[in-house]
Each structure stands twice: as structure tokens, then as C-alpha cells.
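Overview (structure and organization)
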Amino acid sequence: MQKIVMQGLGQNSAGHLTVGGASVPELAKHYGTPLYILDEGVIRRNCREILSGLREGYKAPFTVAFASKALCFTRLYGLLREEGMGADVVSGGELYTALKGGFRPSDIFFHGNNKTAAELEYALDAGVRRIVVDNAEELELLSAIAARRGAVPEISFRIKPGIDAHTHEFIATGKIDSKFGLALETGEAAEVIARAASLKTLRVVGIHCHIGSQIFGTEPFEHAAKVMLTFMRDMREKPGAPLNELNLGGGFGIRYLPSHDPVTLADMSLKCAESVTAAANELGLPLPELVLEPGRSITGPAGLTVYTVGSVKKIPDVNTYVAVDGGMTDNPRCALYGAYYEPIAPERPDAPVTQTAVIAGRCCESGDVITREAPLCDVRAGDLLAVQATGAYNYSMASNYNRLPRPPIVMVRDGAVRLAVRRETYGDLLACDQ
Ligand code: LLP
């Protein structure tokens, strides 16, 4: 049987696949393919779950800031705000979108390992809650900018706690061999924070780490909480850097395949709360203000991409290639990380699996593959084919390679549909050409 792995999918009386109560074939007919569909109800539920775990387990202030890199467009921010989320942004473009989407600057954390002077100015102009400083040079740059402006921004620092979170090398970011943040082991973090504490131009309030992405267990977060709080205690003994905010980043894993079995989001956030509380008690520290920055786990399980099959090439004893009308331009994750996805045929979700195939894109590139070894029912040219759990790091990483216009995003909630991002036109492709 074809398998459902994401949340919010169902079937209507015609036997067709539904998302959030809306028929997938109907949506594909109306909006065309490729098409991203997002179930708004699932996004809201995921926000609530994470917040509920913290409400239950954390007895000091906390914030959940959605990691914009996972998915970024204005309508999304409206609903995230309604759900009580903050936002993590890593560029002027994400900051601009978050502000246009209605976020208050005071709910925004500004990250990035190489922010430009112009972006720092923009963040200060906007009045973001926190600039998370990545390195010594950025500290000096921000200090000089702040001195010129006369305001004293509150900052935190990105730390690499030296934790290997057992995920794909390209999305593991907490190890010492990483371009992000300041190393603990070498003394770099302590040195740069001590320098910051000596400056009158800035106020250091906290530390941040992000140990990696698509992490299934709770143990790496427990470990991170311990390491980070121990560092906070050590820094308390030095003058000028009380460090009252702990940001544990994002990274909660989601179900892409039937074999994936992630811990629920409520349990994940509860475990983070408990780990920080236990470590703080053990170290005799007051509870810091806690920040989490989930991205993938909020929107990933809410999204589906729908394609139309263009051809099926069966190469006897070798492989089968099912070509669809999208590709690495709307989902580069297989090409980049060797990611796997679970397909489903929206017109026949009950049809038995009869083959395994490569779902190939339409770009001029052999590596342009959506997923490999995909269990598929019998599909032919003209059939719809949906790929599940594409709500994170798909649209946000989309490109115009081969001058393919990016697909639209429709949002569905209890059967009600609205277009959130329209399909790009050929005209859009020329918008910057002079
Ligand atoms: N906070 C910071 C500072 C981050 O760097 C990240 C992700 C997050 C939060 C959110 O992590 P999440 O909850 O989404 O795992 N493009 C890759 C993922 C890169 C993640 C980078 N940082 C992918 O498609 O798997």
C-alpha cells in the first residue's frame, strides 16, 4: 500500500486524497502543477504543541521563534503571530518579510554567520529583539555601528557546544568543525564574550546554540542544555556578562518516511524545558529565559507538493524513471543531502504499490531527482503524483534554474482554500533583467 506519512491527509468520497479537507486533484486542476499545498491547521497544531510542552515544563519566561529559513512568506507570518510565535531571521530579506508579514520587531531574533553592515543597520533600525552575534569581527562591526547610533542593543552569541547530533553532515552545526558560531573548547567563546562585556556600546544578555537539524531523539538537546548552562555558570564568575537568556535553536526531526518515528513536539519541548531546569538546579543557577527556534517541525509535516507525471521510462533490470513537471528547483533536498521522500498518487491513494522508481525532475541535470527508490503505484503520463512532508526547506530553497518559474503555495484550513503565494510568471523571471 501507498503510505501516508504527513499529518492532515485524508480521502474524500471519490477516493481522492485530501489535505486539510480539500481535494488534492481539485486543487491541482484549479492552480496547476507543480503546486505546494500547506495545511494551516497542522501548522497551528504544531505551534501549539511546542508551546504547550514549554508551558507545562518551564517555570520562567520562554519564546518560540519560528526559523524563517524553513519557510518564508508573508501570509505564513500572520498565522504564526496569531499562534504566539516569534521569528528567527538570518538575512535582511527574511527580516523584511517577517516585518511585512506583521511580526513585531520585539519578537524577532536576527541570526547569520556573516551579516553585512547594512543588515545590522537594518536590524537596529527595525528594533529587533536580539542580534545573535556569530564572531569577533561581527562584534566589533556591530559595536562601531551602535556607537555611532548611540543606542545600546542587546545581543547574544552563537556558540558551538561541540556536540555531534548524528544527522547529515551538511545540517549538523554544533560541532567544532563548523562555520557557525564561537567554539567553547578553544576558549574562543569566553574570550569574545568577555570582550563584549567590556564594551559600553552593547549589552550581552545570552547565548545560543543550534546543534543540527532533523534530530530524532531528545538526548542531544539534554546534552546541549547541560553544556550551555555550565558555560553560563562559568561566565557568571566573570564581570559584566550575566547571560540570562538561553536559546537552544531548532532541530526537531519530522517523519519523511514510514520508518521515521519522531518524538511528539510537545514531548520534545517539554524535554528541553526539563533538561534546562534540571541543569540549572544542579548548577545553582536561576532559570534563564528560554528560546527555541523550530523550523522544519512546524511547517514540514504540513506540506505536500503535487506534480504531473510527464513520462515513465522503464529500463529493464536497471531502474524506472518517473519524470514530473518540477524538480530540484522546487525541492533540492535529494540533490543536496540525498534526502528521501514518500510519494502518493492523489487520484488513487488506495492503489497498491507495484514498483520502486526514481522520481526525476525536469531540469538539465542528472542529479535532478526528487527522491530515489520510491514505492509507487502504477503511474502514467498525465497522472498526478504528490510528494509528502515538503512544507519545510522546499519553497524556501527553491530556485529558477533553467528559468523555471517557482510554484504557487495554497493554504488550506478545514476545507477553505486561499492562495498564499502566486505562481511566478515568465515576466517575473525577467523582473531584474536590465
Ligand atoms: N536556528 C538556527 C540558528 C538554525 O541554523 C536552524 C537551521 C534552525 C534554528 C531551525 O532548524 P530546524 O528546526 O528547521 O531543524 N536546509 C536543510 C536544513 C538546514 C537547517 C539550518 N539551520 C534541510 O533542508 O534539511
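Structure report, in brief. Because the structure is predicted, anything quoted here is derived from the model rather than measured.

Our next topic: the pattern of salt bridges. Applying the stated criterion to the full structure yields 23 salt bridges. Here Glu40 ties to Arg413 by a salt bridge, and the two come within 3.9 Å at their closest N and O atoms. A residue pair is termed long-range when its members are at least 10 positions apart, and Glu40 in helix H2 (residues 40-57) and Arg413 in strand E20 (residues 409-413) qualify at 373 residues. Residue Glu40 is classed as buried on the basis of its relative accessible area, which comes to 5%. Ionic pairing is found between Glu82 and Arg44, a salt bridge with its closest N-O pair at 2.9 Å. On the criterion of sequence distance, the pair formed by Glu82 in helix H3 (residues 74-82) and Arg44 in helix H2 is long-range, its members being 38 residues apart. Classification of Glu82 by relative accessible area gives exposed; the value is 59%. Through salt bridges that share partners, Glu40, Arg44, Arg48, Glu82, Glu83, Arg413 and Arg418 make up one connected network.

As a further point, take helix H1 (residues 24-31). Looking at H1, one finds that the buried residues are Val24, Pro25, Leu27 and Ala28. End-on view of H1: buried residues confined to an arc of 160°, all on one side of the axis. The outward face of H1, more than 90 degrees from its buried face, is lined by the exposed residues Glu26, Lys29 and His30. With a side-chain oxygen lying 3.1 Å from the backbone nitrogen of Glu26, the N-terminal cap of H1 falls on Ser23. Positive phi appears at Gly32, one or two residues downstream of H1, with a value of about 80°.

We now examine the nonpolar core. Grouped together as the largest cluster of nonpolar side chains are 90 residues, with contacts concentrated most on Ile43, Phe73, Leu80, Ile131, Phe157 and Leu248. With 38 residues, the next largest nonpolar core counts Ala351, Leu376, Leu385 and Val412 among its residues.

Glancing now at the environment of Tyr96. Position of Tyr96 relative to the elements: it lies in helix H4 (residues 92-100). Considered as a pair, Tyr96 and Phe231 are 135 residues apart in the sequence and their alpha carbons are 34 Å apart.

Calculation rules
Residues numbered from 1 in each chain as written. Predicted model: local features only at pLDDT ≥ 70, side-chain atom pairs only at ≥ 80, totals over all residues. Heavy atoms only, no water. Salt bridge = Lys/Arg side-chain N within 4 Å of Asp/Glu carboxyl O. Helix = DSSP H or I, 4+ residues; strand = E, 2+ residues; numbered from the N terminus. Buried < 20%, exposed > 50% of the residue type's maximum accessible area, 1.4 Å probe, protein only. Arc of directions from axis to C-beta. Polar contact = N/O pair within 3.5 Å; in protein donor to acceptor, adjacent residues only side chain to side chain. Core = buried A, V, L, I, M, F, W, Y, C linked by side-chain atoms within 4.5 Å.

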